[in-house]
Amino acid sequence: MAQRTVTIASSVGLHARPASLFVQAAGESGLDIEIGRPGEDAVDATSILGVMALGAKHGEEVVLTAEGEGADEALDALVELLSRDLDAE
Amino acid sequence: MSNSTENPRGIGVSPGAAVGPVVQVRAHVRPPENEPAPADPVAEHARIKEVFESVARTLEERAAGADETAQQILTATALIARDKGLAKGVLKELNAGKGPTRAVTDAVGTYAAQFEALGGYFAERVTDLKDVRNRVVARLLGQEDPGVPEFHVPSVIVAHDLAPAETATLNPTLVRAIITEAGGRTSHTAILAAQMGIPAVVQLVGARDIPVGTIVAVDGDSGEVTLNPSAAYQEELIGKRERRRAALAGSSGPGRTADGYPVKLLANIGGVEDAQSAAAQDVEGVGLFRTEFVFLSRDTAPTLEEQTDIYTKVFQPFGSRRVVVRTLDAGADKPLAFADLGPEENPALGKRGLRLQALRPELLDTQLEALSKAAKATSAEVKVMAPMVATAEEAAWFARRVRENGLPSVGVMIEVPGAAMASRHVLAEVDFGSLGTNDLAQYTMAADRMEGALSDLLDPWQPAVLAVIGAACEGAKIAGKPIGVCGEAGGDPLLALVLAGLGVSSLSMAPSKVGIVRYALGLHSMAVCHGMATAALDSRTATDARDAVLAMAHEDLAALL
């Protein structure tokens, strides 16, 4: 299982447009990906409602996990996405 | 009336008259009672998922043809329709023995409750969740999607109530008039319809039962709606519209009473497009520029550069005319994603307007700096005022910040009865006051503006509301400061005369109402306006007040009302 920890860079946190972009990217990978706070229950990263309800704020750390072929590459791409201020773009 | 059947009457909120076929905005359907549980929940789930998918595709198709903001919202809503968590929730409800539409409604309800509890931005997304639910439930029942149907001939739009977004997306060239069963004098439908110059009637009982395609005549002044109007009545109504047009064509220029007392006629605007269309009309400037649109439905605070650019575009079209800017009036019922102060028990009485600005001063500082830059870049006479001021201390705090930014003229809205009663102290701190009659009526009569059923209490003709306005004008006189009106009351030609008589020196309204108000002022001397003000204040009820003033009005004006 691949795992990454990343700090949310988006100034509005992980909702609105950043959440949409993240969920779309996670969905396009075709893998089972989860996102959660360290040590807490994770949610399906392809569920917009789940990701929004997580309510991850700017500067918070989240853990991404994925299973299957290409998991590392997929997570690297998502980490890169979360490390940018998506809302400012 | 020339028609034999009894005509329903609502409240006319946007003037003018129109005749056209009815288009009914479809209400959303509720799950039927006693819906049977599916024999095979898994197969039923597959069918429901297909419906969710078809809704997602519809939303994406609409997104493709929409502007950028709408596109983002529609794309995100499509994601909700495809959400795996939501689909699992539906399966859980089906397995618990619920019928398909009930299962969808309850699964959405679980998320909606979570988001409402989170408040702020999340609570706003509940609208999108419910939009998905309404479409899926309608399709499961073999019905068409709720909302405004597509139509191609100029029509009269009928709805229970129109959401602001629905009103704003209506194509004005295809909308002859708007009728709603709910809503009130100061509801969004009323304000937007007046802004667009479309006749509108709200609070029309039975509006939803008018069959689609029925020809109706709508009188946006009296609130009367006539089904299948006779040719004679259509002629009468159109005749009135033409008389009004002819009367107004003969009056132009600055507002003045018959004996030459100036009463400035200004426009209320809410954005760059409004500014361009208002500037092209015969108005002396802007009495209320609502700046909320710059901030609402955004996830981050707009930057100094963005704001400067927007304000410059608003000021430019007015040349050297006056533009009164109201700083951000948000909070509570109009939450900002980037300055959410959490849910409140009584939003209208909570941390809104200047109170929010005081808690988030950096928002105000950026706005004032941007206004100052835009004012320097253009030749407009820019004035800045604060919403929801209650005390002299608040007025002084705001005035200092505005003047520090090099803006020469600062004022406050008088919409809190406390500020109206203490206006001589409050206005001593600033250069001018502006009565926000919608909120002033709401707070004076303790009646929620958004509650259509309380419209009678919110009538600005209520003698108590007029007494509070009169007190504010007295205080302004003592402080030696001008006071204007920027609520919907200023656009009522009879009430405008009363307000002038009470001592108001400017009236700001939807641009479509300026013509009739200018005409009314030009027919009456200031002495008559004083007499009308006294008569209105001496009346026992709102109806008595209006009747008394109407009886004193010039016959040429009375003939147009």
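Residues numbered from 1 in each chain as written. Chains lettered and ligands numbered in written order. Predicted model: local features only at pLDDT ≥ 70, side-chain atom pairs only at ≥ 80, totals over all residues. Heavy atoms only, no water.

## A closer look at the overall build of chain A
A tally of helices and strands in chain A yields 3 helices and 4 strands. In chain A, the order of α-helices and β-strands from amino to carboxyl end is β-α-β-β-α-β-α. Here the C-alpha radius of gyration of chain A, 11 Å, is about what a compact globule of 89 residues would show, namely 12 Å. Along the three orthogonal principal directions, the C-alpha set of chain A runs to about 30 × 25 × 20 Å. Across the 89 residues in chain A, those meeting the buried criterion constitute 51%. Put simply, 71% of the contacts in chain A that link residues at least 6 apart link residues at least 24 apart. Put simply, chain A shows about 4000 Å² of open surface, and 46% of that area lies on carbon and sulfur atoms. Measuring between centres, the 5 positive side-chain charges of chain A sit 8 Å from its 17 negative side-chain charges. (Helix = DSSP H or I, 4+ residues; strand = E, 2+ residues; numbered from the N terminus. Rg over C-alpha atoms; globule rule 2.2 N^0.38 Å. Buried < 20%, exposed > 50% of the residue type's maximum accessible area, 1.4 Å probe, protein only. Contact = heavy atoms within 4.5 Å. Areas by Shrake-Rupley, 256 points an atom, 1.4 Å probe, with all protein chains shown as cover. Lys, Arg positive; Asp, Glu negative; His and termini not counted. Charge placed at Lys NZ, Arg CZ, Asp CG, Glu CD.)

## Let's talk about the sheet that holds strand S1 (residues 2-7) of chain A
All names here are of chain A. A sheet is described by the order of its strands in space; here 4 strands give the open sequence S1-S4-S2-S3, paired in antiparallel fashion. Bordering the open sheet on either side are S1 and strand S3 (43-44), each of which pairs with just one other strand. As paired elements, strand S2 (residues 33-36) and strand S4 (residues 61-66) share 4 bridges and run antiparallel to each other. Looking across to S4, one finds that Glu-34 is bridged to Thr-65. Against the sheet, helix H3 (residues 71-82) engages S1, S2 and S4, with an angle of about 5° to S1. (Pairing = 2+ DSSP bridges. Axes fitted to C-alpha atoms, helices over the stretch in contact; angles between N-to-C directions.)

## Some thoughts on the sheet that holds strand S10 (residues 322-326) of chain B
Residues and elements named next belong to chain B. Spatially, the 8 strands close up into a barrel ordered S8-S9-S10-S11-S12-S13-S14-S15, and their pairing is parallel. Across the sheet, the mean angle from the axis of one strand to that of its neighbour is 30°, orientation sign disregarded. Bridge count for strand S11 (residues 381-386) against strand S12 (residues 410-414) is 3 bridges, and the pairing is parallel. Opposite Ala-386, over in S12, you have Val-412 as the bridge partner. Lying over the sheet, helix H13 (residues 392-404) contacts S11 and S12, oriented at roughly 145° with respect to S12.

## Details of the packing of aromatic side chains
Residues and elements named next belong to chain B. Going through the model one piece at a time under the given rule, you end up with 1 aromatic pair over all chains. Seen in terms of ring centroids, Phe-289 and Tyr-311 are 6.2 Å apart; in terms of plane orientation they differ by 80°. Their pairing is edge-to-face. Linking Phe-289 in strand S9 (residues 285-290) with Tyr-311 in helix H10 (residues 304-315), this pair joins segments that are 22 residues apart in sequence. The exposure class of Phe-289 is buried, given its relative accessible area of 0%. (Phe/Tyr/Trp six-rings, centres within 6.5 Å; stacked < 30°, edge-to-face > 60°.)

## Digging into the domain arrangement of chain B
Once the domains are mapped, chain B shows domain 1 (11-27 + 148-245), domain 2 (41-140) and domain 3 (250-558). Averaged C-alpha coordinates put domain 1 of chain B and domain 2 of chain B at centres separated by 32 Å. (Domains from an automatic or database assignment.)

## Some points on the packing of helix H19 (residues 493-502) of chain B against helix H20 (residues 514-523) of chain B
Residues and elements named next belong to chain B. At a closest axis distance of 9 Å, the pairing of H19 and H20 adopts a crossing angle of 55°. Between H19 and H20, the angle falls in the class oblique. When you trace H19 past H20, the crossing you get is right-handed. On H20, the residues touching Pro-493, Ala-496, Leu-497 and Ala-500 of H19 are Ile-516, Val-517, Ala-520 and Leu-521. Split into classes, the residues belonging to the contact of H19 with H20 amount to 8 nonpolar, no polar and no charged. (Parallel < 35°, antiparallel > 145°, perpendicular 65-115°, else oblique. Left-handed = near helix turned anticlockwise from the far one by under 90°. Nonpolar A, V, L, I, M, F, W, Y, C, P; charged D, E, K, R; others polar.)

## Some words on the interface of chain A and chain B
Taken residue by residue, the interface counts 18 residues in chain A and 19 residues in chain B. A combined buried area of about 1500 Å² lies between chain A and chain B, and 66% of that area is made up of carbon and sulfur atoms. It is His-15, Leu-49 and Met-52 of chain A that lose the most area in chain A upon contact with chain B, and together they represent 35% of the buried surface on that side. Linking chain A with chain B are 1 salt bridge, by the criterion used here. Ionic pairing is found between Asp-44 of chain A and Lys-84 of chain B, a salt bridge with its closest N-O pair at 3.8 Å. Between chain A and chain B we count 4 residue pairs in polar contact (both at pLDDT 80 or more) in total. Contributing elements (two or more residues each) for the side of chain A that touches chain B: helix H1 (16-29) and helix H2 (48-54) of chain A. For the side of chain A that touches chain B, the residue count by class is 7 nonpolar, 8 polar and 3 charged. (Buried area = accessible area lost by both parts, 1.4 Å probe. Salt bridge = Lys/Arg side-chain N within 4 Å of Asp/Glu carboxyl O. Polar contact = N/O pair within 3.5 Å; in protein donor to acceptor, adjacent residues only side chain to side chain.)

## Let's talk about helix H21 (residues 526-537) of chain B
Think of an α-helix as 3.6 residues a turn; residues three or four steps apart then line up on the same face. Residue and element names in this part refer to chain B. An ideal rise of 1.5 Å per residue puts 16 Å on 12 residues; H21 measures up with 16 Å between its terminal C-alpha atoms. Of all the positions in H21, only Met-526, Cys-529, Met-532, Ala-533, Ala-535 and Ala-536 are classed as buried. Those residues of H21 that are buried are in contact with helix H18 (463-479), H19 and helix H22 (542-552). (Expected span 1.5 Å × (residues − 1).)

## So, the nonpolar core
Core analysis: the largest hydrophobic core is formed by 100 residues, its most contacted members being Tyr-311, Phe-315, Ile-414, Leu-435, Val-498 and Leu-507 of chain B. Ignoring any residue separated from it by four or fewer positions in sequence, one finds Leu-507 of chain B in contact with Val-263, Lys-264, Leu-265, Leu-266, Val-485, Gly-490, Ala-496, Leu-499 and Val-517 of chain B. Formed by 57 residues, the second largest nonpolar core is a distinct cluster that contains Ala-45 of chain A together with Val-55, Ala-81 and Leu-140 of chain B. (Core = buried A, V, L, I, M, F, W, Y, C linked by side-chain atoms within 4.5 Å.)

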